[in-house]
Every structure is written in structure tokens, then in C-alpha cells.
Amino acid sequence: MANPINKALAQWLFDRRNEGFSREEVRALLIEHQYVEEDAERACVIAFDCPPDDLESLLDDDLQAEAANQTATWIEGFEPSARIKLAETQNAIPSDHGDIKVVCRSERPYVIGLANVMTAEECKELIEYSRYRISRAMVVSPIDGSDLVDDRRTSELVMHSRGESPLIAKLDERISQLTGIPSDHGEGLQVMRYGVGAEYAPHYDYFALGSLGERRHLKHGQRVASLVIYLNDVDAGGETIFPYGDLSISPQTGHASYFAYTDKDGRCDGMSFHGGAPVRAGEKWIATMWIRDRPYVASE
Ligand SMILES: O=C(O)CCC(=O)C(=O)O
Ligand SMILES: [Fe+2]
């Protein structure tokens with residue numbers, strides 16, 4: 001976005017709204033001041049559609065300082081709260097279906113590559129269960145927290161509820177055993193399909209305090225870790241990439257990438273920036289579990 005909603009703009013919008021300017025008048029002024037249509041509309045949504053508290057929070061120095069301090073940069077130390085300790089000391093972790101194997105580890109960003117998180121049969125079953133339930137993936141709107149179709153995320157998905165089917169209940173429990181985090185901290189398994197050319201551009205899985213929409217999601221707890229399980233072999237491309245770690249993990253049936261990015265004080269690791277690289281041949285199916293710092297209730 002060419003003109004981010006910084007404090008000066010927020011103050012300006014706040015003043016115009018209090019002076020009784022209409023939406024159209026504010027939009028016209030912004031365009032006159034070289035704002036592109038899209039940014040002018042974004043500013044109008046904040047000025048006229050957001051609850052007054054949200055606009056005021058943009059003017060709050062303490063909140064702004066908190067947002068600036070939320071993320072650890074690469075020069076700062078970082079200790080994720082959701083480490084898988086067993087995966088750091090052992091190469092195999094016993095599970096209900098056999099051993100989960102450790103394939104690779106990275107300390108910063110904190111990433112563990114795992115094999116046999118699901119059996120090939122379970123992967124096939126989950127794909128078939130999800131195939132007719134998927135639709136175009138959304139991202140969280142930075143303005144109001146609602147779901148948006150976005151070109152950065154060109155996959156299709158279905159969000160399953162916790163324990164929705166016997167297989168999903170088994171996976172919820174397995175993931176909880178593996179991570180040591182109670183299964184009710186999970187948001188529910190999300191299954192995604194990427195066709196040729198589809199990708200998930202690099203992003204953070206945690207919610208940013210500096211974004212009004214994302215801050216609203218924080219009411220339901222911060223995300224602390226993600227487990228991305230690969231449900232099939234991809235002919236070419238589709239790696240999970242960590243650009244700041246110069247690390248990529250290729251999808252293989254039943255393998256997974258686990259990454260943890262929030263510490264015990266709620267500080268998040270900027271090094272956890274990651275994405276799903278474009279699929280170059282074949283298709284890619286994944287099941288993602290985003291894990292929160294406390295029990296997650298979607299409709300709270
Ligand atoms: O597709 C991938 O490899 C990454 C998926 C991802 O980043 C997510 O589900 O949050
Ligand atoms: Fe992600």
C-alpha cells in the first residue's frame with residue numbers, strides 16, 4: 001500500500017470525521033492529495049466504518065509503541081514458547097500410528113521438518129474427505145478482520161472443526177501429543193489445495209498489533225505455532241519457504257513442517273516469515289493446524 005495508515009493520517013481522519021466531513025468529501029481530499037483509489041477507500045473504511053475505539057487506538061502512543069515492539073528482529077535473541085523438546089533430542093517420536101521422524105531442524109526461525117506425521121492412507125482419506133468441501137482461500141482483512149479473497153493466496157481450502165470426523169479427531173489428538181499443547185488450542189485442521197501456479201506468498205502466521213483487523217483476531221488469543229502437513233507428493237515446486245532462514249522444505253506425503261514464533265511474553269519472531277512457493281507441476285494438498293496460546297473458541 002503506497003500510503004499506510006500511520007498516526008498522522010489517523011489523526012487527520014479523526015479530525016475530519018469530528019468536523020462532520022462526509023465520506024465522499026474525505027475521499028475527494030485524499031485523491032486530491034495523490035492517494036490512489038484503493039488507499040483512499042481503505043482510509044475511508046477506517047474513518048467511517050470502524051468502531052471509534054479502533055481509530056482512537058491508532059492515535060494511542062502506548063499502543064503504537066507496543067506494536068513496534070511486538071516483533072523480534074534477527075539481531076535480537078528469541079525463545080519460542082512452543083518448542084518440541086523431544087524433536088530436539090531424539091530422531092523419532094513415538095505416536096499412535098508409529099514413529100514420527102525428525103528430518104531437519106532450524107533454531108532460528110524455529111522450524112522442525114518431520115516425516116510420518118500421517119500415514120499415506122490417512123493422507124488419502126483426508127484429501128477425499130475435503131475434496132468436495134473446498135472453496136477459494138481467504139486472508140484476514142487488515143482493516144476490519146473479515147475474510148478477503150486475495151491474490152497473495154491462490155489456493156482453495158476447507159476449514160474443518162475440531163473432532164469433526166473420526167480421522168480429524170485422531171489427528172487433533174496426535175498433534176496435541178506431538179506438540180505438548182492441548183488440542184483445544186488448535187483452530188481446527190484447515191485443508192488446502194494448490195493447483196499449478198498457485199502459491200501462498202510469504203507472510204506471518206501470528207497476528208500483528210499494528211493492523212486493526214488482525215488485532216481484533218487477538219481477542220481469541222495469539223498464534224504461537226503452525227504445523228503444515230503435506231498430504232501428497234508434488235511433482236515440482238510447492239515448497240514451504242522461509243526466506244529469512246534461507247530454508248525450504250519440499251512437500252512429501254505425510255511429512256510436515258512445524259514452526260514456532262511467539263515467546264512466553266507474546267513477542268513474535270519476524271524471522272518466521274514464510275510462504276508456499278508456486279506449484280510448478282502436479283497439485284499440492286496440505287493440512288494446516290494453527291495453534292493459539294490459549295483455548296480457542298471461534299465464535300467467542
Ligand atoms: O503452503 C505452504 O507450504 C505454507 C502454508 C502456510 O503458510 C499456512 O498454512 O499458514
Ligand atoms: Fe503460514
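Let me begin by describing the structure that accompanies this report. (Residues numbered from 1 in each chain as written. Chains lettered and ligands numbered in written order. Predicted model: local features only at pLDDT ≥ 70, side-chain atom pairs only at ≥ 80, totals over all residues. Heavy atoms only, no water.)

## A short note on the coordination of the iron ion (ligand 2)
Summarising the metal site, the iron ion (ligand 2) is bound by the protein donors His 203 (NE2), Asp 205 (OD) and His 274 (NE2), whose distances to it range over 2.1 to 2.2 Å. Read in sequence order, the donor residues coordinating the iron ion (ligand 2) give the pattern H-x1-D-x68-H. (Donors = N, O, S within 2.8 Å, 3.2 Å for Na, K, Ca; no water.)

## Things to note about empty space enclosed by the protein
By the definition in use, this model includes two cavities of 30 Å³ or more. For the largest cavity, the calculated volume is near 120 Å³. Around the largest cavity sit 15 residues that line it, and Tyr 200, His 203, Val 228, His 274 and Ile 286 are the ones nearest its centre. Where the lining of the largest cavity is concerned, the elements lending two or more residues are β9 (190-194), β10 (200-203), β17 (274-276) and β19 (284-292). Per-element tally for the lining of the largest cavity: the top contributor is β19, with four residues. Considered class by class, the residues forming the lining of the largest cavity number seven nonpolar, six polar and two charged. Estimates place the volume of the second largest cavity at around 70 Å³. Surrounding the second largest cavity, Asp 172, Ile 175, Ser 176, Thr 179, Ile 181, Pro 182, Ser 183, His 185, Gly 186, Met 289 and Ile 291 form its lining. Counting residues per element, the lining of the second largest cavity draws most heavily on helix α8 (residues 166-179), at four residues. Here the residues of the lining of the second largest cavity sort into five nonpolar, five polar and one charged. (1 Å grid on protein atoms, 1.4 Å probe; cavity = no way out; pocket = protein on both sides within 12 Å on 5 of 7 lines; lining within 4 Å. Points joined across faces, edges and corners; volume = space filled by probe spheres on them. Helix = DSSP H or I, 4+ residues; strand = E, 2+ residues; numbered from the N terminus. Nonpolar A, V, L, I, M, F, W, Y, C, P; charged D, E, K, R; others polar.)

## Some points on the pattern of salt bridges
Oppositely charged side chains may form a pair once their charged atoms are brought near each other. Going through the model one piece at a time under the given rule, you end up with 18 salt bridges. Linking Asp 269 and Arg 108 is a salt bridge whose minimum nitrogen-to-oxygen distance equals 2.8 Å. Taken together, the positions of Asp 269 in strand β16 (residues 268-269) and Arg 108 in the loop between β3 (98-106) and β4 (110-115) put the pair 161 residues apart, joining distant regions of the chain. Asp 269 sits in the buried class, given a relative accessible area of 1%. Across the salt bridge formed by Glu 122 and Arg 174, the nearest N and O atoms sit 2.8 Å from each other. With Glu 122 in helix α7 (residues 120-131) and Arg 174 in helix α8, this pair connects stretches of sequence that are 52 residues apart. Owing to a relative accessible area of 7%, Glu 122 belongs among the buried residues under this scheme. (Salt bridge = Lys/Arg side-chain N within 4 Å of Asp/Glu carboxyl O. Buried < 20%, exposed > 50% of the residue type's maximum accessible area, 1.4 Å probe, protein only.)

## Let's talk about the site of ligand 1
Lining the immediate surroundings of ligand 1 are Met 192, Tyr 194, Tyr 200, His 203, Asp 205, Thr 240, His 274, Gly 276, Lys 284, Ile 286, Thr 288 and Trp 290. Between an oxygen atom of ligand 1 and a side-chain N or O atom of Thr 240, the distance comes to 2.5 Å. Comparing atom positions with the cavity grids shows ligand 1 to sit within the largest cavity. Sorting the residues of the shell around ligand 1 by element identifies β9, β10, β17 and β19 as the ones contributing at least two each. (Near = heavy atom within 4 Å. Polar contact = N/O pair within 3.5 Å; in protein donor to acceptor, adjacent residues only side chain to side chain. Sits in = over half its atoms within 2 Å of the grid points.)

## Re the sheet that holds β10
Taken together, four strands build an open sheet; the order of strands is β10-β17-β13-β14 and the sheet is antiparallel. Here the strands that pair on one side only, and so sit at the sheet edges, are β10 and β14 (247-249). Strand after strand, the sheet turns through a mean of 15° between neighbouring axes, direction not considered. Strand direction decides the pairing type here: β10 and β17, joined by two bridges, are antiparallel. Its bridge partner lying in β17, His 203 is registered against His 274. (Pairing = 2+ DSSP bridges. Axes fitted to C-alpha atoms, helices over the stretch in contact; angles between N-to-C directions.)

## Regarding the pairing of strand β2 (residues 92-95)
Examined bridge by bridge, β2 and β3 share four bridges and lie antiparallel to one another. Looking at β3, one finds that Ser 95 is bridged to Gly 98. Counted between consecutive antiparallel strands, the loop separating β2 from β3 contains two residues.

## Some words on the nonpolar core
If you look at soluble globular proteins, the nonpolar side chains tend to sit buried side by side. Counting residues in hydrophobic clusters, the biggest one holds 36 residues, and the most contacted among them are Leu 114, Leu 126, Leu 227, Ile 229, Leu 231 and Tyr 258. Broken down by secondary-structure element, the contributors of at least two residues to this core are β3, β4, α7, α8, β11 (223-230), β15 (256-260) and β19. Looking at this core element by element, the count peaks at five residues for α8. When near neighbours in sequence (up to four residues on either side) are disregarded, Leu 126 contacts Met 118, His 160, Leu 167, Ile 168, Leu 171, Leu 189, Val 191, Leu 231 and Ala 287. Residues Val 111, Leu 157, Val 279 and Trp 290 belong to the second largest nonpolar core, which totals 18 residues. (Core = buried A, V, L, I, M, F, W, Y, C linked by side-chain atoms within 4.5 Å. Contact = heavy atoms within 4.5 Å.)

## Considerations on α8
Given a rise of 1.5 Å per residue, 14 residues ought to cover 20 Å, and the 20 Å separating the end C-alpha atoms of α8 matches this to within 8%. The complete set of buried residues in α8 reads Leu 167, Ile 168, Leu 171, Asp 172, Arg 174, Ile 175, Ser 176, Leu 178 and Thr 179. Two residues or fewer after α8 comes Gly 180, characterised by a positive phi angle close to 75°. (Expected span 1.5 Å × (residues − 1).)

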